[in-house]
Every structure is written in structure tokens, then in C-alpha cells.
Amino acid sequence: MDERYYTVTEEQAAVKAKYPAVVKKHEYLDHTADVQLHAWGETLEEAFEQCAMAMFGYMTDIETVEPIDTIEVQTEGSDMLSLLYHFLDEWLYKFSADQYFIPREVKVLHIDRINFKIRSIGWGEEFSLSKHPQGTEVKAITYSAMQIYEEEKPEVFVIIDI
């Protein structure tokens, strides 16, 4: 699946017109029973950001989200793969269990490659079915076939359980 398509209401179209288009450097790759996220960027930080946005983009049309609230997410891992896993898992927690927060944009402020810590911030709002089109529920992040490449253009691959 290359693109997610949603029916857009007048209210959602107004939000889309109000803000600049969201930069998308990610795609959805077919995977048996799940979805593989492939994200890239000029830096590893941008690839992580794009991976988070790919996950949220699977759940809703993120261009209908207004950046009216801010949430910071800090997490750590034992290596780079676990750091990516915990980063996405913590953002998913902010959506599904904590505050129903859906970001329009996620920015990775810092990746500590020695101590495997990450600090990020997201701008968005509380998810509302009356305002945001419903996509597919993301149940969990998986380690299955998770990959991080830092040569030339950084890119990451993550399978999410839907």
C-alpha cells in the first residue's frame, strides 16, 4: 500500500488548507498480516521522525491534525534497535493509552548513540473521531525484521502489528 486514502470533510479540508503540507519521507510496504514502515531522511534523527509519522499516518490523515499542543517523549534502549523500538512504542503509548495524542509533526531533538537515549517533541492534539478520519489501529511495534541503516542516506524499517 503506497498511499492511505481518506474521505475528507469540509472541516478537515479547512485544517489542511490552514497549515503547510506535511513532509513525507516514508512508505508502507506490504507484509503478511502486518505493515512494514520504511522511512528515511538526511539524518538518522529525521529517519526516526519519519518512521513515527508513518505510524501515525497509518492511523489517520495527519494533515487533519492541528499543532495546538506539545508533548515531549524521552526514552532509552540498550542498543540502536531497541532505542527505535522504545521510541515508537512510547509515541504509540501517548496515543493509545495515555492522552490520545496524535501529532502532526514529531521532531527528534537528540539521539545519544553512546547511552542509547532519545529526546523528541511532537506538535498535535487529542485524537477525535469527529475531527480525524479513522485509519487502521496500530496494536504494537515489533522487532521482526527491524533494520537501521546509517550509510549515505539514513533509513529505517519497522514492522507494526495492526
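Residues numbered from 1 in each chain as written. Predicted model: local features only at pLDDT ≥ 70, side-chain atom pairs only at ≥ 80, totals over all residues. Heavy atoms only, no water.

Caption draft 1: Region of the structure containing the overall build of the protein. When helices and strands are counted, the protein shows 3 helices and 8 strands. Expected size for 162 residues packed as a compact globule is a radius of gyration near 15 Å; at 15 Å, the protein falls within 12% of this value. The dimensions of the protein, computed from C-alpha atoms along their principal axes, are 45 × 35 × 30 Å. The buried share of the protein, reckoned over its 162 residues, is 49%. Taking the intrachain contacts of the protein between residues at least 6 apart in sequence as the baseline, contacts between residues at least 24 apart amount to 69%. Summed over its atoms, the accessible surface of the protein is roughly 8200 Å², and 48% of this surface lies on carbon and sulfur atoms. (Helix = DSSP H or I, 4+ residues; strand = E, 2+ residues; numbered from the N terminus. Rg over C-alpha atoms; globule rule 2.2 N^0.38 Å. Buried < 20%, exposed > 50% of the residue type's maximum accessible area, 1.4 Å probe, protein only. Contact = heavy atoms within 4.5 Å. Areas by Shrake-Rupley, 256 points an atom, 1.4 Å probe, with all protein chains shown as cover.)

Caption draft 2: Seen up close, the side chain of Asp112. Following the sequence through the fold, Asp112 ends up in strand E4 (residues 101–112). One buried charged residue, Asp112, remains without a salt bridge, the closest side chain of opposite sign being Lys117 at 6.1 Å. A polar side-chain atom of Asp112 sits 2.9 Å from the main-chain amide nitrogen of Ile114. (Lys, Arg positive; Asp, Glu negative; His and termini not counted. Salt bridge = Lys/Arg side-chain N within 4 Å of Asp/Glu carboxyl O. Polar contact = N/O pair within 3.5 Å; in protein donor to acceptor, adjacent residues only side chain to side chain.)

Caption draft 3: Here's a closer look at the UniProt feature "domain: Archease" (unreviewed entry) in the protein. Per the UniProt entry, the sites bearing "domain: Archease" (unreviewed entry) are residues 27–162 in this numbering. In residues 27–162, the share of helix is 26% and the share of strand is 40%. The end C-alpha atoms are 16 Å apart. (UniProt positions renumbered as here; feature names shortened; annotations may be inferred.)

Caption draft 4: Just the packing of aromatic side chains, in detail. The full count for this structure, using the stated rule, is 8 aromatic pairs. When the centroid spacing of 6.4 Å and the interplanar angle of 90° are considered together, the rings of Phe56 and Trp91 count as edge-to-face. Here Phe56 is found in helix H2 (residues 44–59), whereas its partner Trp91 is found in helix H3 (residues 80–98), with 35 residues between them in sequence. You can call Phe56 buried: its relative accessible area is 0%. (Phe/Tyr/Trp six-rings, centres within 6.5 Å; stacked < 30°, edge-to-face > 60°.)

Caption draft 5: The packing of H2 against H3, seen in detail. Where H2 contacts H3, the two axes come as close as 11 Å, and the packing angle between them is 40°. Between H2 and H3, the angle falls in the class oblique. With respect to the hand of their crossing, H2 and H3 are arranged in right-handed fashion. Only Met80, Leu83, Leu84, Phe87, Leu88, Trp91, Leu92 and Phe95 of H3 make contact with H2, whose side of the interface consists of Leu44, Phe48, Cys51, Ala52, Met55, Phe56 and Met59. When its residues are assigned to classes, the contact of H2 with H3 shows 15 nonpolar, no polar and no charged. (Axes fitted to C-alpha atoms, helices over the stretch in contact; angles between N-to-C directions. Parallel < 35°, antiparallel > 145°, perpendicular 65-115°, else oblique. Left-handed = near helix turned anticlockwise from the far one by under 90°. Nonpolar A, V, L, I, M, F, W, Y, C, P; charged D, E, K, R; others polar.)

Caption draft 6: Representation of the side chain of Glu63 in the model. Counting through the fold element by element, Glu63 comes out in the loop between H2 and strand E3 (69–76). In this structure Glu63 is buried but unpaired, with Lys24 as the nearest side chain of opposite charge at 4.4 Å. Among the polar contacts made by the side chain of Glu63, one reaches the main-chain amide nitrogen of Val22 at a distance of 2.9 Å. Ignoring anything within four residues of it in the chain, the contact list for Glu63 reads Val15, Lys16, Ala21, Val22, Lys24 and Arg104.

Caption draft 7: A look at the pairing of strand E5 (residues 117–126). As judged from the 8 bridges shared by E3 and E5, these two strands associate in the antiparallel manner. Bridge assignment links Glu72 to a residue of E5, and that residue is Ile121. In terms of strand pairing, E4 meets E5 through 10 bridges, oriented antiparallel. Note that in E5 the partner of Phe101 across the bridge is Glu126. Two successive antiparallel strands, E4 and E5, enclose a turn made up of 4 residues, where Phe116 displays a positive phi of approximately 55°. (Pairing = 2+ DSSP bridges.)

Caption draft 8: Quick look at unusual backbone geometry. The phi dihedral of Phe116 is positive, around 55°, even though this residue is not glycine. Structurally, Phe116 can be placed in the loop between E4 and E5. Of note in this structure, Glu152 is not a glycine but carries a positive phi near 50°. Note that Glu152 resides in the loop between strand E7 (147–149) and strand E8 (155–161). Given a relative accessible area of 84%, Glu152 falls into the exposed group.

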